[in-house]
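Listed here are the chains, written in short residue letters.
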Amino acid sequence: MAKSASSKHPAHYTRLCDLLREAASIGAVGSLLGWDQETYMPHAGAAMPGGRADQSSIISGIVHERRTSKEIGDLIARCEADKNLLGDSRIAANIREMRRDYDLATKLPTSLVSELARTGSLSQDAWKDARAKNRFKDFKPWLEKMLDLTRQKAKCYGVPKGGEVYDALLDEYEPGMTAREVEGIFTPLRGRLAGLVSEIVASKAKVSDKCTEIGASQADQHAFGHDVIKALGFDLNAGRLDTTAHPFCSGMGPGDTRLTTRYGKPSILEALGSTMHEAGHGMYEQGLPKGTHFGQPLADAISLGIHESQSRMWENLVGRSRAFWQWALPVAKKRFGAKLAKVNVDQMYAAANVVQPSFIRVEADEATYNLHIMIRFAIERALISEDLSVSDLPGTWNAMYKEYLGLKVPSDTLGCLQDVHWSFGLIGYFPTYTLGNLYAAQFWVQISRDIPDLDKRMAKGDFAPLLAWLRKNIHQHGRRYRAAELCQRVTGRPLSADPLMAYLEGKLRPIYGLDGGAKAGAKAAFKPARRAHAMAMA
Ligand code: ZN
């Protein structure tokens, strides 16, 4: 096996990196098992004794044991005391993050870890059933149990001084960020977004994606997806694209990044959006320096928010742009033939930017999506601090959907029971989706400055300057910087709601014929498509 740390480093550091690489290699075996289970494994292989569920749990047990070993703890302590080593700021960051990982992994007592896993799995089953039957009261005792266990988990992690329980949970997914900081960004964003969305809803513009419902075969959509991600820069020699019920990206190891997508919705934009989203995650994974630092924080993604910024940038800022469709529509026409023959770039651009309030988060458009997240953030924060009781969850949920999106939620199935997250104790996870949108928009402002002819390049199918920018400014650093620091370094300012709002206003106002946004991207040639915009359930 190749050594990851060169011999100029002291033995304790080299040994530490070797141990972490071994643990990560075993972890990659676990990822491969997981990927296989979602893609090709026969259904019967999951539950039998010794089958996939057992295999996966044995592997994750071994990885956990390795990562929390006393030897690793001792080696980290020796590195922390080595002033020479810490003189190298990259290595100092690497060790800082190794300490964080080690502490997080060792702070939870084994009894709590297994209780969380056991109750979480039962709670998830109860949630599935309750959602199918629209019976919130069946799920209520499970959610109460999971919240209680999650509060215990937060206490083990340690609630920061002057902070709240929620902070300890959020920190797991978005290191260093607090609930108050999220609130400080979300609050102004909410007012402006809600205003824009209500203007769009009230507008008479007929914006539709009907022209993309062409009954394309899965094979043609798959081939088109390949055309696109190859052009974007996803390395298919070091990755692949398969089909699953729920799309995901698994950056399992050096030279091996797997994407999945799904087909079956009427519009070809659905699958393409998922494919580009996962490819965005995948290109981040491929850009991390795993060849030299696999297993170390320097080859890991910074946070869920930054990971999501990469996926959403390619899916939305690229994939819903006019420049992208100038290139992609002719490519699509080659794949889909006569079915797309009459569609022009204006129609495609409009179709990719339909805004329509709906009940379901995962089907939401780029503008309303963030309102779904804000509702979840406010509710889970109140649940975990016990300012909101589980009994009052459905009522609060429905009231907020009325207030934020103007919708009357018809059932808990389409309301507070729709997401899986809370059923297994994922509290503090939701905000990272909107943080991803915010980071993406803020990076994009800088990217547009640094690559002034980006639109022209994208219109020709040349995405290389964009990917090179992301590699240089974000991917190559791994976890060297925390998200806030990276944002400041790259964009010169802290994260703010302004870039995302300016981007959405600049794009959506012209499409919907609203005043005040004509400067960015308005095209008089836009032709309304056939289907009228309507408030409807997604
Ligand atoms: Zn994602």
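*Asks:* Can you break down the overall build of the protein residue by residue, with the values?
*Replies:* Counting its regular elements, the protein contains 22 helices and three strands. Whereas a compact globule of 538 residues would reach a radius of gyration of roughly 24 Å, the protein reaches 24 Å, a difference of no more than 12%. Reported as C-alpha extents along the three principal axes, the dimensions of the protein are approximately 65 × 55 × 50 Å. Within the protein, the fraction of its 538 residues that count as buried is 54%. Excluding contacts between residues fewer than 6 apart, the proportion of contacts in the protein whose partners are at least 24 apart in sequence is 72%. With the model as given, the accessible surface of the protein reaches about 23000 Å², and the carbon-plus-sulfur share is 54%. Counting 70 positive and 60 negative side-chain charges, the protein places the averaged centre of each group 4 Å from the other.

*Asks:* Hey, could you go over the packing of aromatic side chains for me, with residue numbers and the actual values?
*Replies:* Per the stated rule, a full pass over the model turns up 17 aromatic pairs. Ring centres of Phe324 and Phe463 lie 6.2 Å apart, and the angle between their planes is 50 degrees; this geometry places the pair in the tilted category. You can see Phe324 sitting in helix H14 (residues 322-336) and its partner Phe463 sitting in the loop between helix H19 (454-459) and helix H20 (464-473), a full 139 residues away along the chain. On the basis of relative accessibility, which here comes to 0%, the residue Phe324 falls in the buried class. For the ring pair Trp397 and Tyr401, a centre distance of 5.3 Å and an interplane angle of 15 degrees mean the geometry is stacked.

*Asks:* Describe the nonpolar core, naming the residues involved and giving the relevant values.
*Replies:* Counting residues in hydrophobic clusters, the biggest one holds 136 residues, and the most contacted among them are Phe324, Trp325, Phe443 and Ile447. In this structure, this core is formed jointly by two domains, domain 1 (11-145) and domain 2 (179-234 + 251-445), each of which donates at least three residues. Sequence-distant contacts of Trp325, that is, excluding residues within four places in its chain, are made with Phe224, Leu269, Leu272, Gly319, Pro330, Val345, Met348 and Ala352. In this structure, Leu16, Leu20, Ile72 and Ile91 belong to the second largest nonpolar core, which totals 14 residues.

*Asks:* Describe the coordination of the zinc ion, listing the residues and the values that go with them.
*Replies:* Protein coordination of the zinc ion is provided by His277 (NE2), His281 (NE2) and Glu308 (OE), with donor distances spanning 2.1 to 2.5 Å. Within one chain, the residues donating to the zinc ion are spaced in sequence as H-x3-H-x26-E. In this pair, His277 and His281 both sit in helix H11 (residues 268-287), four residues apart, roughly one turn of the helix. Both residues of the pair, His277 and His281, count as buried.

*Asks:* Kindly report on the domain arrangement of the protein, identifying the contributing residues and their values.
*Replies:* Domain boundaries assigned for the protein yield domain 1 (11-145) and domain 2 (179-234 + 251-445). One C-alpha centre belongs to domain 1, the other to domain 2; they are set 26 Å apart. Facing the 29 residues of domain 1 at the interface are 24 residues of domain 2. With both chains or domains summed, domain 1 and domain 2 bury close to 2400 Å², and 68% of this area falls on carbon and sulfur atoms. Run the count over domain 1 and domain 2 and you get zero salt bridges. The tally of links from domain 1 across to domain 2 stands at nine residue pairs in polar contact (both at pLDDT 80 or more).

*Asks:* Describe in detail the sheet that holds strand E1 (residues 239-243), supporting the description with residues and values.
*Replies:* Taking strand neighbours across the sheet as the criterion, the three strands line up as E1-E3-E2 in an open arrangement whose pairing is mixed. Pairing within the sheet leaves two strands with one partner each, and these edge strands are E1 and strand E2 (249-253). Pairs of neighbouring strands in the sheet enclose a mean axial angle of 20 degrees, with direction left out of account. Relative to strand E3 (residues 256-261), E1 runs parallel, the two being bridged by five bridges. Note that in E3 the partner of Arg240 across the bridge is Arg258. Lying over the sheet, helix H1 (residues 11-39) contacts E1, E2 and E3, oriented at roughly 145 degrees with respect to E2. Sheet strands in contact with H11 are E1, E2 and E3, and its direction is about 165 degrees off that of E3.

*Asks:* Just give me the short version of the side chain of Glu308, but keep the residues and values in it.
*Replies:* Counting through the fold element by element, Glu308 comes out in helix H13 (residues 304-318). In this structure the side chain of Glu308 is engaged in a polar contact, spanning 2.7 Å, whose partner is the side chain of Arg312. Excluding its chain neighbours within four sequence positions, the residues that come into contact with Glu308 are His277, His281, Thr432, Tyr433 and Gly436.

So, how was this worked out
- Residues numbered from 1 in each chain as written.
- Predicted model: local features only at pLDDT ≥ 70, side-chain atom pairs only at ≥ 80, totals over all residues.
- Heavy atoms only, no water.
- Helix = DSSP H or I, 4+ residues; strand = E, 2+ residues; numbered from the N terminus.
- Rg over C-alpha atoms; globule rule 2.2 N^0.38 Å.
- Buried < 20%, exposed > 50% of the residue type's maximum accessible area, 1.4 Å probe, protein only.
- Contact = heavy atoms within 4.5 Å.
- Areas by Shrake-Rupley, 256 points an atom, 1.4 Å probe, with all protein chains shown as cover.
- Lys, Arg positive; Asp, Glu negative; His and termini not counted.
- Charge placed at Lys NZ, Arg CZ, Asp CG, Glu CD.
- Phe/Tyr/Trp six-rings, centres within 6.5 Å; stacked < 30°, edge-to-face > 60°.
- Core = buried A, V, L, I, M, F, W, Y, C linked by side-chain atoms within 4.5 Å.
- Domains from an automatic or database assignment.
- Donors = N, O, S within 2.8 Å, 3.2 Å for Na, K, Ca; no water.
- Buried area = accessible area lost by both parts, 1.4 Å probe.
- Salt bridge = Lys/Arg side-chain N within 4 Å of Asp/Glu carboxyl O.
- Polar contact = N/O pair within 3.5 Å; in protein donor to acceptor, adjacent residues only side chain to side chain.
- Pairing = 2+ DSSP bridges.
- Axes fitted to C-alpha atoms, helices over the stretch in contact; angles between N-to-C directions.

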